[in-house]
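# Notes for the structure review
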Amino acid sequence: MSEENNKDITKNEPDHTGADDTHGAADESDIVNIIIDDLENMNGSKEKDSGKSVDDVKQKTWEKVSRDAEKKGKKDIREEADRKTGEEADGKTGDESKKRSGEKKSEDKKEDSGEEPETIVHDVKKKKLPTWAKALIIVGASLLVLCLAAFIGIKIYLSRVNRIKERDTVSRENEVFERSTEPGEDTIKAEEVKWEELYQSVKRDKDIKNIILIGQDRRPEDTEPARSDSIILCSINKKKNQITLISFMRDMYVPIEGYSDNRINAAYNFGGVPLLEKTLTNDFGITIDNAIEVDFEGFIQAMTAVGNLEIELTQDEADYLNEAAGAMNREAGLEERTWYLKAGKNSLSPDQALAYSRTRYVGRSDWDRTERQRKVLTAAFNKVSEMGVSEQLDLVNEVIPYFATDMTDMEILGYVYYIAKEGIHVGNTYRIPEDGCYTNERINGMDVLLPDLNKNVALLKEYLN
C-alpha cells in the first residue's frame, strides 16, 4: 500500500504544483501542507506513527516545490523586466499601458458586436491667466492702438508736404546775365578772372546738418524759372545744440558748373536746387543735406500762422517802411494801408515782416538786407520754440503746404523731434562774403561782389565747427 500511495502522490504532484501561475511564491507553503495532509490520510496511523516516510516525502516535496518556485520567480522577474522595458521605450507608464489595453479590448468587443467605438473625450481644464498678465495685455493693446492712430495722423500731415520737383534746366546757349542799368565800364573782363583752386573745405560732421533755405524771387505773373532772392544756410549743430544762420549774398560772382561765371543766384535759375547745391559745394566746400523753398506768398502765409513778430527797428527803417508801405504792398499783391511803425521794438504783422526783410534802400543795401532776413527767421524760430508741443504740431500742419522740400518723411520727423526735444536755439548769424574777403567789381556789365573763395571757406569752417 505504501508503493501505491507513493505512486498516487507522484501522480497528484503535478496537479498541485501546476496550480494557477498567478499565485506568488508565498502560496507554495500551502501546497506543501495540502500534500502532507493527503499523505497522512492515505497512509493511516502506521505511517504516521513511524513518521519516516512522511518526513522523507515532506522533505523531497518541499525541495521540489522550492526549486519550481525559484525557477518560476526568475521567469516572472525576466518577463516583468521585459514588459516594463518595452513600455518605457514607448514612453508609456504601466498604468497607461493597462488603460490602453483595456480600451483596446473594449473597442474590439464593440467592433465584434457591430457597435461604433466610443470616442473618449478628455476633460481638460484651461489654465486661467493671472491678473497681472491680463493687465499687461490690455496695456499693450492700448499702446498699439495709440501708435497706430499716431502713425495715421503723421502720415496725413506728411501727405500735405510739397516736394521739390525736377525741372528743365536752362541750356548754356540760353543763359542770361542781369546787367546793370547804370552806365559804366567793366572793371575787369570775365576771362581775366582767375579762380584759385580750393585748398580746404568744411569738414563733414555727422552731428551737423546743413539745410539751405531758398526764398524764390517769383511773382504770380512769372512764367520763367525764378531766381533765388535769398540764400540762407541753416546749420543745425547737435553737439552745440544750436542753429547757425549764414546768408550767401546773391550778387556774389562765382563759377557755376556747366555755365559761364555769374551771380550765385543764377545757379538756381539755370538748374534749380541741384545746381545751387553743387555750386555751394564746389565754391565753398560745404555739403548740403536738404533744401527748403518758399516764395513771397508762402512766406506771408507761414508768418500769418506764426503771428506777429517782435522786431527792433531803427528810425530810418521805421520811416522808410511807413512811407513805402503802399508801394511794397502793391508789389507783394497785398491790400494798401498805412503803417505807423516807430523806432525801437515793433510787433510786425506778416506783411510788415516781409517788407522789412526785403528792404535794401536803408543802410548798407544788400548787406543790411540779409541781416534783416536773419532777424526775421530768428524771431520766428524763438516764438515757435516757446509754444507747447500741441501748438507746434498745429503750426507745422498749417504751414507745411506753403513750403517745398527734398526731405524724406523720416528726415522731416527727425528734425521736428530733435528741435522739440532738445529745445535748440539760434546762435550767431553771419554772411558770406565777409568784409575784407571780396572786392566790388563790374564784370560783363554786372555790378557784383568778387569773393576770395579760400578766405571765405576758412571763415565757414570757423562758423560751422
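Criteria and thresholds
Residues numbered from 1 in each chain as written. Predicted model: local features only at pLDDT ≥ 70, side-chain atom pairs only at ≥ 80, totals over all residues. Heavy atoms only, no water. Axes fitted to C-alpha atoms, helices over the stretch in contact; angles between N-to-C directions. Helix = DSSP H or I, 4+ residues; strand = E, 2+ residues; numbered from the N terminus. Left-handed = near helix turned anticlockwise from the far one by under 90°. Contact = heavy atoms within 4.5 Å. Nonpolar A, V, L, I, M, F, W, Y, C, P; charged D, E, K, R; others polar. Salt bridge = Lys/Arg side-chain N within 4 Å of Asp/Glu carboxyl O. Buried < 20%, exposed > 50% of the residue type's maximum accessible area, 1.4 Å probe, protein only. Pairing = 2+ DSSP bridges.

To continue, consider the packing of helix α7 (residues 296-306) against helix α10 (residues 365-385). Running from amino to carboxyl end, α7 crosses α10 at an angle of 35°, the nearest separation of the two axes being 10 Å. The crossing of α7 and α10 is left-handed. In this structure, α7 contributes Phe-299, Met-303 and Val-306 to the contact, and α10 contributes Val-376, Ala-380, Lys-383 and Val-384. For the contact of α7 with α10, the per-class residue count stands at six nonpolar, no polar and one charged.

Further remarks concern the pattern of salt bridges. With the rule as written, the count across this model stands at 15 salt bridges. Of the charged contacts, one joins Asp-205 and Lys-239 as a salt bridge, the two residues approaching to 2.7 Å between their closest N and O atoms. Within this pair, whereas Asp-205 is found in the loop between β1 (162-163) and β2 (208-217), its partner Lys-239 is found in the loop between β3 (227-237) and β4 (242-248), the two being separated by 34 residues in sequence. Accessibility expressed as a relative area gives 55% for Lys-239, which makes it exposed. Its salt-bridge partner being Lys-421, residue Glu-422 comes within 2.8 Å of it at the nearest N-O pair. With relative accessibility at 33%, the residue Glu-422 sits in the partly exposed group. Where salt bridges share partners, they join Asp-229, Arg-250, Asp-366 and Arg-369 into one cluster.

What follows is about helix α9 (residues 350-358). Counting buried positions over the nine residues of α9 gives eight, a clear majority of the element. Of all the positions in α9, only Pro-350, Asp-351, Gln-352, Ala-353, Leu-354, Ala-355, Tyr-356 and Ser-357 are classed as buried.

With that settled, the discussion passes to the pairing of strand β8 (residues 309-313). Burial along β8 is one-sided: the residues Leu-309, Ile-311 and Leu-313 are buried and none of Glu-310 and Glu-312 is. As judged from the five bridges shared by β8 and strand β9 (residues 344-348), these two strands associate in the antiparallel manner. Bridge assignment links Leu-313 to a residue of β9, and that residue is Gly-344.

Shape descriptors only; they carry no functional weight alone.
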